[in-house]
Amino acid sequence: MKFKKGTDRVVVLFPFLRIAIKFPIIRFWLAVRLLYRDIKSGKWERLSNDWSWPIEVRGGFKGLLFRGLAANWGEFQFYWQTRNPFVQPTYFSLLGLFNVQRADEPCLLKDEDLWCQLYELTKGQVFDDSHHFVDPRNFCFSNGKLRMLDYGSRKSRGVIARHGAKIVELFNPAYCWEEEKKKLKAKREQEAN
């Protein structure tokens, strides 16, 4: 059994069972402190503002309390609605309180090799959610195919919906950005002559 902590969730890995269980991080005491600060200041518009921030904003009440839950529930719904081949299957969710996801071989690619290839395959749209696409720890390999583990954000799911099948089909695990740069340089020199 292994533990991993992300920004909004804690993952418990059971490699021998090939499953991962994701639990949301609920920042209850931070929300209480924020509420106390707003009430103590007497500035009711500040309290209203903190409640109005969308769930994606970690500093608002909704983000502190429900961001991890929303990520879990979003992954579960996205997988079951799309069965996108680029995402790691999420088998079960108890209303976002915990998710059960398949666990496979970790992605050991270099950050720049992964990022540059994903950038090319999506025509730069990985920038829509660079936080999730830049980190190899958010990916794994299943039967030699790249799969995304952390697709809890709406932005990630948008990129996956547009490009997931293409990434699975064309992703090259042996891709090396340094080698690609050399090929591009040679090609430009050849075109210039």
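Scroll up for the structure.
Residues numbered from 1 in each chain as written. Predicted model: local features only at pLDDT ≥ 70, side-chain atom pairs only at ≥ 80, totals over all residues. Heavy atoms only, no water.

Q: Provide a residue-level description of the side chain of D113, including the pertinent values.
A: As for its position among the elements, D113 is in helix α4 (residues 111-121). Buried charged residue D113 carries no salt bridge. Nearest counter-charge: K110, at 5.0 Å. Here W177 takes part through its backbone nitrogen, which lies 2.9 Å from a polar atom of the side chain of D113. Setting aside residues no more than four positions away along its own chain, D113 makes contact with Y175, C176 and W177. (Helix = DSSP H or I, 4+ residues; strand = E, 2+ residues; numbered from the N terminus. Buried < 20%, exposed > 50% of the residue type's maximum accessible area, 1.4 Å probe, protein only. Lys, Arg positive; Asp, Glu negative; His and termini not counted. Salt bridge = Lys/Arg side-chain N within 4 Å of Asp/Glu carboxyl O. Polar contact = N/O pair within 3.5 Å; in protein donor to acceptor, adjacent residues only side chain to side chain. Contact = heavy atoms within 4.5 Å.)

Q: How would you explain the pairing of strand β8 (residues 145-148) if you had to name every residue and give the values?
A: Direction of pairing for strand β7 (residues 139-142) relative to β8: antiparallel, over a ladder of four bridges. Within β8, the position partnered with C140 by the bridge is R147. Counting the residues between successive antiparallel strands, the hairpin from β7 to β8 contains two residues, one of them, N143, with a positive phi of roughly 55°. (Pairing = 2+ DSSP bridges.)

Q: Summarise the packing of helix α1 (residues 28-41) against helix α3 (residues 61-82); cite the residues concerned and give the values.
A: For the pair α1 and α3, the least separation of the axes is 8 Å and the interaxial angle reads 165°. As summarised for this structure, α1 and α3 are arranged roughly antiparallel, according to the angle between their axes. When the axes of α1 and α3 are compared, the crossing they make is left-handed. The residues of α3 that touch α1, namely those facing F28, L30, A31, L34, L35 and D38, are F61, L64 and L65. A breakdown of the residues in the contact of α1 with α3 according to their chemical character gives eight nonpolar, no polar and one charged. (Axes fitted to C-alpha atoms, helices over the stretch in contact; angles between N-to-C directions. Parallel < 35°, antiparallel > 145°, perpendicular 65-115°, else oblique. Left-handed = near helix turned anticlockwise from the far one by under 90°. Nonpolar A, V, L, I, M, F, W, Y, C, P; charged D, E, K, R; others polar.)

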